[in-house]
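Given next are the chains, with one letter for each unit.
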Amino acid sequence: MREFGAMIGFVGAAVLSALTVSAQAEMILGVCEHVTRRQCEFDNRIKVYEMCRDAGIRWVRPDFEWRTCEPKPGEWDWSVFDKVVCDAEKRGVTIFPILCYDNPAYGTKACDDLEHWQEYVKRVLRRYRGKFPAVEVWNEQNLGMFWKNPNA
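Just so you know, these numbers come straight off a predicted model, no measurement behind them.

(A) Here's a closer look at the sheet that holds strand β4 (residues 94-95). Sheet architecture is open: three strands sit in the order β1-β2-β4, paired in parallel fashion. Sheet topology places β1 (30-32) and β4 at the edges, where each strand pairs with a single neighbour. For strand β2 (residues 59-61) and β4, the ladder comprises two bridges, and the chain directions are parallel. Across the sheet, Trp59 pairs through a bridge with Thr94, a residue of β4.

(B) Inspection of the side chain of Glu33 at higher detail. Looking at the secondary structure, you find Glu33 in the loop between β1 and α2 (45-54). Within the buried set, Glu33 has no salt-bridge partner at all; the shortest N-O distance to an opposite charge, 10 Å, is to Arg37. If sequence neighbours within four positions are ignored, Glu33 has contacts with Glu41, Val48, Val60, Arg61 and Pro62.

(C) Quick look at unusual backbone geometry. Despite not being glycine, Tyr101 has its phi angle at roughly 75°, a positive value. Locating Tyr101 in the fold gives a position in the loop between β5 (98-100) and α5 (114-127). The phi angle at Trp138 is positive, at roughly 75°, despite the residue not being glycine. With respect to the element layout, Trp138 can be found in the segment after β6 (136-137).

(D) Structural view of the packing of α2 against helix α4 (residues 79-90). At their nearest, the axes of α2 and α4 sit 10 Å apart, and the two run at 35° to each other. Note that α2 runs across α4; the crossing there is right-handed. Residues Arg45, Ile46 and Tyr49 of α2 pack against Lys83, Val84, Asp87 and Ala88 of α4. A per-class count over the contact of α2 with α4 returns four nonpolar, no polar and three charged.

Thresholds, definitions, all that
- Residues numbered from 1 in each chain as written.
- Predicted model: local features only at pLDDT ≥ 70, side-chain atom pairs only at ≥ 80, totals over all residues.
- Heavy atoms only, no water.
- Pairing = 2+ DSSP bridges.
- Helix = DSSP H or I, 4+ residues; strand = E, 2+ residues; numbered from the N terminus.
- Buried < 20%, exposed > 50% of the residue type's maximum accessible area, 1.4 Å probe, protein only.
- Lys, Arg positive; Asp, Glu negative; His and termini not counted.
- Salt bridge = Lys/Arg side-chain N within 4 Å of Asp/Glu carboxyl O.
- Contact = heavy atoms within 4.5 Å.
- Axes fitted to C-alpha atoms, helices over the stretch in contact; angles between N-to-C directions.
- Left-handed = near helix turned anticlockwise from the far one by under 90°.
- Nonpolar A, V, L, I, M, F, W, Y, C, P; charged D, E, K, R; others polar.

This is how it looks when you write it as structure tokens:
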């Protein structure tokens, strides 16, 4: 019984120690917000960022849809993404983008046109180098509606 009590004491001390360490570490919270979509939160992005900041939420995960920055093949328009990134930075919010979705301008699914898809990914990463601590490449590629022959 004495050994059991010592083991419980050891486990309890380890848990207490872990709780103390994590209480001292900064908690990072994030939300998925569609701040790049004009029909959703784009026009309200500043308010979204301020509400997130005030709630202690420091990361926002928007869709960086390929079609938004390349509406026609070879024509690049960064105005939406630039505003999203700049406005977030000014309010202390980190963007964690999802590089995603097909581009109807090419008439195929991204998984069937990897040459153009890769060009889009490269351009986003070059343009915003140092702005994002990480990116999510695609979203739910394990679902057939998003990717051909998914095999997670």
